[in-house]
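Reading the structure
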Amino acid sequence: MKALNHTIVEFFLDLIKRDAKNDPLLANHLETATVARDTSKETQNELLNCIYNIYLEELKSDITNTKFVSVQADEATDAGKRTQFVIILRFLKEGKLVERFLEFVEVSDRTADGLATTLTEALEKLDVKEKLIAQTYDGAAVMSGRLSGVQAKLKETFPNAVFTYCYAHQLNLVLKQACSRIRGCKIFFANIIAFSTFFSHSSKRVDAFRQFCQRALPTPSETRWNFQSRLIASIAAQKEELISLFEKILDKDWDDDTTQKASGLLNILTNETFVFFLNVFNKIFMNVDILFGILQRRPLDLHMCERAINTFQDAVSSIRMEISSYLPEEQHQAKRRRDDRSENKLAAIEACDIIANQITDRFSQHNAVISFNLLNVDNFPTFVHSFPTNLISEAVTYYPILHKPKLTTELEVLYSNNTFTQCESMIELHRLICTSELGTTFVEVTKFLEIALTTPMTTAEAERSFSTLKRIKTASRATMGQDRLKALTCITIHKDTIGSINNFINRVIDHFALQKDRRMDLLYK
């Protein structure tokens, strides 16, 4: 904590000293002033508050100059056992997609009414009633409930804010359904967790593990099924080393509990059914990692999401086809063993089918997002011959600011021009129109593109904010105040953005000096 305080003070002094290099009067003032050192906690908090306020001023200016804004929100528990509600804004700035941290709000009322009120109050300060065109949350009923969730209540104040269910959370539910409903798969994942648990409660076991294995066994998450992939991949890559380790433990004089568990894990590792599912799910989760990596990317649009999801579905279908020939039957084997292998194959095939069906069901988009397919360059060749009149109607229904006849005409021209079909995504399409100075020609298309790009497909930025929260508000700083937390989070996440603010140093110094009367004159004439 002392190191952090020292850093804040040094940061402020550095601001003044950097400005003093080109100003002899200020340099002389620093050399002769001996009244205050400004190292107290109160002074540090005031300085942090000044930095955050300058950032907030710049954010409000950016929002004023943009056409559309969307919001992401999520909640997590911090080190002080308080519920932190994070608010993230997404918009276009100078043709580029940006996502900006707004604030952490400590909430005690975690009902839909309480969270909706908190979110509404934060957004009303920014004057975005007409600009807010999208809201994205996870699938919790309190957030996404169609009738009484936060998204429904927010629309009462911001009628243009169309709700989008976070794609990453939907994928997590897809995997959960496939891995927990089938008996064989459920047993496999329970056994997988046992390996991580065995080495997590004993330093002696960890030391023995390091002698045989190079890759650590990560701890899986109960709420993020893609995290299982790391554990599966590690066990698959070090299966023989783990077998040698458990055999070594059984040969040595270990305690009864360790011996008993090592014997059980050794039996699991040499079990044909476990090995079969290990290989199958290792292949599936390798593709899951790729898909999650794309869904966490900056920036991300609907076109990228759809392409990645389709690729993932194709990969799962290929794995399903391989399973039937993965373990060929041998006629001379015992009937029971053949039956076990057939049962394993059927369970794996069923898991693949559940993933495919769940992907189709959960990612079947609502009409507002479906209308964005008008801007999917992969569809342009089809739309030239079969114009999507129904999608135009959906787009205008959800976004009344679009002018239907003009949008129809512009899209007809867009589809017939081969220049635009070369774009890889909506982001590239928007960039091409802007750089070619065609914004005045494709007015409605540009407007619709900006709506589609501003709409977030995931709450990845909110999740990244929680990672920052864990680094800043640790157990030793559990009593940190909200204002200090907001400012430190802002500095950590957007240090490059803050550094690029015009005349930032002087603005912070002036803000700090004018904040209240001080014993030392910080401004001079």
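Our structure is the block above this text.
Residues numbered from 1 in each chain as written. Predicted model: local features only at pLDDT ≥ 70, side-chain atom pairs only at ≥ 80, totals over all residues. Heavy atoms only, no water.

1. Focus on the overall build of the protein chain
- Along the backbone of the protein chain there are 25 helices and five strands.
- Buried residues in the protein chain amount to 49% of all 525 residues.
- Taking the contacts inside the protein chain whose residues are at least 6 apart along the sequence as the reference set, 71% of them involve residues at least 24 apart.
- For the protein chain, the computed accessible surface area is about 26200 Å², with 49% contributed by carbon and sulfur atoms. (Helix = DSSP H or I, 4+ residues; strand = E, 2+ residues; numbered from the N terminus. Buried < 20%, exposed > 50% of the residue type's maximum accessible area, 1.4 Å probe, protein only. Contact = heavy atoms within 4.5 Å. Areas by Shrake-Rupley, 256 points an atom, 1.4 Å probe, with all protein chains shown as cover.)

2. Quick look at the packing of aromatic side chains
- Applying the stated rule across the entire model yields 26 aromatic pairs.
- When the ring of Phe199 is compared with that of Phe246, the centres are 6.1 Å apart and the planes differ by 25 degrees; the resulting orientation is stacked. Placement of Phe199 in helix H8 (residues 183–200) and of Phe246 in helix H11 (residues 239–251) is noted, with a sequence separation of 47 residues between them. With respect to class, Phe199 is no different from Phe246; both count as buried.
- Here the aromatic cluster, defined as three or more aromatic residues joined through ring pairs, consists of Phe188, Phe189, Phe195, Phe198, Phe199, Phe209, Phe246, Phe274, Phe276, Phe277, Phe281 and Phe285.
- Lying over the aromatic face of Trp254, Lys204 brings its terminal NZ or CZ to 4.5 Å of the ring centre.
- Geometry around Phe198 places Arg205 over its ring, the cationic atom sitting 4.4 Å from the centre. (Phe/Tyr/Trp six-rings, centres within 6.5 Å; stacked < 30°, edge-to-face > 60°. Lys NZ or Arg CZ within 6 Å of the ring centre and 35° of its normal.)

3. Structural notes on the sheet that holds strand E4 (residues 132–137)
- Strands sit in the order E3-E2-E1-E4-E5 across an open sheet of five strands; the sheet is mixed. The strands lining the two open edges of the sheet, one partner per strand, are strand E3 (96–106) and strand E5 (162–165). Recorded for the sheet is a direction-independent mean angle of 25 degrees between the axes of neighbouring strands.
- Alignment of strand E2 (residues 83–93) against E3, held across ten bridges, turns out to be antiparallel. Each residue of the ladder has a partner; that of Lys93, found in E3, is Lys96.
- Contacts from helix H3 (residues 41–64) reach strand E1 (69–77), E2 and E3 within the one sheet, and its direction differs from that of E3 by about 130 degrees.
- Packed on one face of the sheet, helix H21 (residues 443–454) meets E1, E2, E3 and E4 and runs near 155 degrees to E2. (Pairing = 2+ DSSP bridges. Axes fitted to C-alpha atoms, helices over the stretch in contact; angles between N-to-C directions.)

4. Quick word on the pattern of salt bridges
- Going through the model one piece at a time under the given rule, you end up with 22 salt bridges.
- Taking the shortest distance from any N to any O, the salt bridge between Lys153 and Asp113 comes out at 2.9 Å. Taken together, the positions of Lys153 in helix H6 (residues 150–157) and Asp113 in helix H4 (residues 112–124) put the pair 40 residues apart, joining distant regions of the chain.
- The partly exposed category is assigned to Lys153, whose relative accessible area is 22%.
- For Asp113, a relative accessible area of 47% corresponds to the partly exposed category.
- With a shortest N-O distance of 3.8 Å, Arg210 and Asp207 are connected by a salt bridge. Highlighted residues: Arg210 and Asp207, both in helix H9 (residues 203–212), separated by three residues, approximately one helical turn.
- When its relative accessible area of 57% is taken as the criterion, Arg210 is described as exposed.
- Linked by salt bridges that have partners in common, Glu57, Glu58 and Arg507 make up one network. (Salt bridge = Lys/Arg side-chain N within 4 Å of Asp/Glu carboxyl O.)

5. Remarks on the environment of Thr164
- Relative to the elements of secondary structure, Thr164 occurs in strand E5.
- Sequence spacing of Thr164 and Gln135 is 29 residues, and the spatial spacing of their C-alpha atoms is 6.2 Å.

6. Points about helix H18 (residues 389–398)
- Inspection of H18 places Leu391, Ile392, Ala395 and Val396 among the buried residues, and these make up the whole buried set. Taken end-on, H18 shows its buried residues confined to a sector of 135 degrees, consistent with a single buried face. Residues Asn390 and Thr397 are exposed on H18 and point more than 90 degrees away from its buried face. (Arc of directions from axis to C-beta.)

7. With respect to empty space enclosed by the protein
- One pass over the structure, following the stated rule, counts four cavities of 30 Å³ or more.
- Its boundaries defined by the atoms lining it, the largest cavity holds a volume of some 80 Å³.
- If you trace the largest cavity, you find 14 residues lining it, with Arg90, Glu99, Arg297, Leu300 and Thr458 closest to the centre.
- When residues in the lining of the largest cavity are grouped by element, the largest group, three residues, is from helix H22 (residues 460–472). (1 Å grid on protein atoms, 1.4 Å probe; cavity = no way out; pocket = protein on both sides within 12 Å on 5 of 7 lines; lining within 4 Å. Points joined across faces, edges and corners; volume = space filled by probe spheres on them.)

8. Quick look at the nonpolar core
- With 104 residues, the main nonpolar core has Phe246 and Phe281 as its most contacted residues.
- The element best represented in this core is helix H13 (residues 272–295), accounting for 13 residues.
- Setting aside residues up to four positions removed in sequence, Phe281 forms contacts with Cys179, Cys185, Phe188, Phe189, Ile232 and Ala351.
- Core analysis: the next-biggest nonpolar cluster, separate from the first, contains 55 residues, Ala122, Met143, Ile498 and Val508 among them. (Core = buried A, V, L, I, M, F, W, Y, C linked by side-chain atoms within 4.5 Å.)

9. Describing the pairing of E4
- Burial within E4 is extensive, with six of its six residues counted as buried.
- In the sheet, E4 pairs with E5 via four bridges, with the strands oriented parallel. Counted as the bridge partner of Gln135 is Phe163 from E5.

10. Some remarks on the packing of helix H10 (residues 228–237) against H11
- Closest axis-to-axis distance for the H10/H11 pair is 4 Å, and the angle between their directions is 75 degrees. Put simply, H10 runs roughly perpendicular to H11. Across from Ile235, Ala236 and Ala237 in H10, the residues of H11 making contact are Lys239, Glu241 and Leu242. (Parallel < 35°, antiparallel > 145°, perpendicular 65-115°, else oblique.)

11. Let's talk about H6
- When we look at burial in H6, the residues that qualify are Val150, Gln151, Ala152 and Leu154.
- Buried residues in H6 make contact with E1, H4, E4, helix H5 (141–144) and E5.

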